[in-house]
Amino acid sequence: THMLYIEANSVANANTKDKTVQKANEFTTTDFQMIGAVANSKPDPFHLIVNSICPAIYGHEVVKAGLTLTLFGGVQKYEHEASKIRIRGDTHMLIVGDPGLGKSQLLTSMSRVSPRGVYICGNTTTMTGLTVTVVKDKATNDYTLEAGALVLADKGVCCIDEFDKMKAEHRSLLEAMEQQSISIAKAGIVCNLPARCSVIAAANPVGGHYNRAKTVAENLKINPALLSRFDLIFILLDKPDEKLDALLSEHVLRNYKEQTTIDKVAGWMGGSQERLLLDNRRTQIVDEQQTLKQRLRLSNVDAFDPLPLSLIRKYVAYTRRFVNPKLSRDASNLFQEFYMSLREKYTSSDCTPITTRQLEALVRLGQARARLRCSLIVSEQDALDVIEIMKESMYDVLTDEHGQVDFRRNATYRDATLNRFVEFINRECTKLNKNVFSFSELQDFANKYSLNFKYNFSRVIEKLNSDGTLLLYRGKYKFVAGQ
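Here is a short report on the structure shown in this document. Because the structure is a prediction, the values reported are computed rather than measured.

Points about the overall build of the protein chain
- Per the secondary structure count, the protein chain includes 20 helices and 14 strands.
- Here the protein chain holds 483 residues, and the buried ones make up 47% of them.
- Summarising the internal contacts of the protein chain: among those between residues at least 6 apart in sequence, 74% fall at separations of at least 24.
- Per element, the accessible surface of the protein chain, about 25,500 Å² overall, is 50% carbon and sulfur.

As structure tokens, then:
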């Protein structure tokens, strides 16, 4: 008997109804005209695209700006050079917030807008579903590989909802988010699959409401090593505000009113392919008195008509394929000054260290900001916008329950006083020959060694309990490290 087989690079189903992925990288003359009109829109295509992504969600302009830059991505270096280590250009973003604020809708919109987008939910996702599954072929009895979500989203966006529900699956993301590849060694198959995608995740805090008194790692119960791989982390809080609630209710009710959609595609087609020639001198009209959030906010919601998703998808595919911007001297100096200022603020030993990972994140976001407006040069204004987005993200993470920015708030490491307290407990375990203590005994240890914590003692015990150092055991606390 003989077995027939076909060797192919890729297979496309001609009977499928959804051909958006296949058509995303195919451009017609009409597409070039519409892309040119969007690139030359006033005052800036950034304002137009940010407000066209998920227009049903009101506000959150800076969060949408971060999503937009993640969608466009930076420039990947040394992709085809085997002798050099590849530097990733994709950015990763995490949205943490109270339920009912539209996180799932934002992720769904991102998966639909991206030329290649994959949307998954953490409740129904396994580790093999994220990476690679090894199955046995019934016809040949050979083992074959089936790609997971991260591999299917190669050169695209992978949106993960309910990120907090994934516990064991977090380990599979560590390699994929930094090295952008998935290594597998199963059933005699040893290979390395590409996973060059941006990860956009949304998570709900433990208990249903975000607690400012805790750090992001404590609110989510997520491995700090995984948190450090996200370039942007935004926190959405549901705070009662009479003015904001009135605007939000009007926006929600407006979506249910009968209205005619005005198609402005014909107006966007006024450009030409020649006008789309990449210009590193493309000007930006910016009001320096306004912040990025004020510039992105819509002045008249009724008069705004968002771009069609198909047009945004074409625009993203074009820029990711043809636009590879480089840093200008002014932008490079701004990024360096901001990075150096962060290093100065994080000088103490009980602070989360600022490394070159944050500097590389700034470069990637700056390249995405320039790529969005079809420019080959990252300008000074691009750098200022990216720094403002990064500040919003960092201050969200560092703000405590009193509304103050505390640079010692630690998402990764314990502070020095807490480390000394753990050492003293370990010493008492050896001296007393036991490792189970009551709350009052632990408090006596702290008073015995004259430890001054920056928060109350109940919070100290809760922090040690959350990271697994003290385990609640029959009303008392078991010191695990002392075993």
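Some remarks on the packing of aromatic side chains
- Summed over the entire model, instances satisfying the criterion amount to eight aromatic pairs.
- Measuring from ring centre to ring centre gives 5.2 Å for Phe437 and Phe445, while their planes differ by 80 degrees; the resulting arrangement is edge-to-face. Here the two residues Phe437 and Phe445 agree in accessibility, since each one is buried.
- By way of ring pairs, the aromatic residues Phe27, Phe32, Tyr318 and Phe322 are connected into one cluster.

Regarding the packing of helix 3 (residues 45–52) against helix 4 (residues 61–72)
- Contact geometry of helix 3 with helix 4 gives a least axis separation of 9 Å together with a crossing angle of 100 degrees. Judged by the angle between their axes, helix 3 and helix 4 are roughly perpendicular. Between helix 3, through Phe46, Ile49 and Val50, and helix 4, the contact on the second element is made entirely by Glu61, Lys64, Ala65, Thr68, Leu69 and Phe72.
- The residue inventory of the contact of helix 3 with helix 4, partitioned by class, reads six nonpolar, one polar and two charged.

Observations regarding the pairing of strand 9 (residues 232–236)
- With five of five residues buried, strand 9 is to be regarded as a mostly interior element.
- Every second residue of strand 9 is oriented toward a common face, with Leu232, Phe234 and Leu236 on one face and Ile233 and Ile235 on the other, all of them buried.
- Bridge analysis of strand 1 (residues 93–97) against strand 9 gives five bridges, and the strand direction is parallel. Across the sheet, the residue bridging to Ile95 is Phe234, located in strand 9.

Comments concerning the pairing of strand 5 (residues 157–161)
- The buried count for strand 5 comes to five of five residues, which makes it a mostly enclosed element.
- The sheet contact formed by strand 2 (residues 117–121) and strand 5 spans five bridges and is parallel. What sits directly across from Tyr119, in strand 5, is Cys159.
- Judged from the four bridges that link them, strand 5 and strand 8 (residues 198–203) form a sheet pairing that is parallel. Opposite Cys158, over in strand 8, you have Val199 as the bridge partner.

Notes on the sheet that holds strand 13 (residues 470–473)
- Pairing in this open sheet of three strands is antiparallel, and the strands run 12-14-13 from one edge to the other. What marks the edges here is a single partner per strand, and that holds for strand 12 (436–437) and strand 13.
- Direction of pairing for strand 13 relative to strand 14 (residues 476–479): antiparallel, over a ladder of four bridges. Within the sheet, the bridge partner assigned to Leu470 lies in strand 14 and is Phe479.

Examining the packing of helix 4 against helix 5 (residues 103–113)
- Packing of helix 4 against helix 5 brings their axes to within 11 Å, and their N-to-C directions diverge by 30 degrees. As the angle between them shows, helix 4 and helix 5 are arranged roughly parallel. Here helix 4 runs over helix 5; the crossing is right-handed. On the side of helix 4, the interface is formed by Val63, Lys64, Leu67 and Leu71, while helix 5 contributes Leu106, Met110 and Val113.
- In terms of residue class, the contact of helix 4 with helix 5 is built from six nonpolar, no polar and one charged.

Thoughts on the side chain of Asp385
- Tracing the sequence through the fold places Asp385 in helix 17 (residues 380–398).
- A polar atom in the side chain of Asp385 sits 3.2 Å from the side chain of Arg369.
- When neighbours within four sequence positions are excluded, Asp385 is seen to be in contact with Leu292, Arg295 and Arg369.

Describing the environment of Arg459
- Within the fold, Arg459 resides in helix 20 (residues 457–466).
- A relative accessible area of 12% means that Arg459 is categorised as buried.
- Spatially, the C-alpha atoms of Arg459 and Lys214 are 8.8 Å apart, while their sequence positions differ by 245 residues.

Describing the sheet that holds strand 9
- Taken in spatial order, the five strands make up an open sheet running 2-5-8-1-9, and their pairing is parallel. Each edge of the open sheet is held by one strand with a lone partner, namely strand 2 and strand 9. When the angles between neighbouring strand axes are averaged without regard to direction, this sheet yields 15 degrees.
- Packed on one face of the sheet, helix 4 meets strand 1, strand 5, strand 8 and strand 9 and runs near 155 degrees to strand 1.

Regarding unusual backbone geometry
- The residue Glu162 is not glycine, and still its phi comes out positive at about 55 degrees.
- Within the secondary structure, Glu162 is located in the loop between strand 5 and helix 8 (170–178).
- On the basis of relative accessible area, Glu162 is assigned to the buried category, the value being 17%.
- In this structure, Asn433 is a non-glycine residue whose phi angle is positive, near 60 degrees.

A word on the environment of Glu61
- With respect to the helices and strands, the residue Glu61 is situated in helix 4.
- Spatially, the C-alpha atoms of Glu61 and His47 are 9.5 Å apart, while their sequence positions differ by 14 residues.
- Setting aside residues up to four positions removed in sequence, Glu61 forms contacts with Val50, Lys293, Leu296 and Arg297.

Reading guide: rules and limits
Residues numbered from 1 in each chain as written. Predicted model: local features only at pLDDT ≥ 70, side-chain atom pairs only at ≥ 80, totals over all residues. Heavy atoms only, no water. Helix = DSSP H or I, 4+ residues; strand = E, 2+ residues; numbered from the N terminus. Buried < 20%, exposed > 50% of the residue type's maximum accessible area, 1.4 Å probe, protein only. Contact = heavy atoms within 4.5 Å. Areas by Shrake-Rupley, 256 points an atom, 1.4 Å probe, with all protein chains shown as cover. Phe/Tyr/Trp six-rings, centres within 6.5 Å; stacked < 30°, edge-to-face > 60°. Axes fitted to C-alpha atoms, helices over the stretch in contact; angles between N-to-C directions. Parallel < 35°, antiparallel > 145°, perpendicular 65-115°, else oblique. Nonpolar A, V, L, I, M, F, W, Y, C, P; charged D, E, K, R; others polar. Pairing = 2+ DSSP bridges. Left-handed = near helix turned anticlockwise from the far one by under 90°. Polar contact = N/O pair within 3.5 Å; in protein donor to acceptor, adjacent residues only side chain to side chain.

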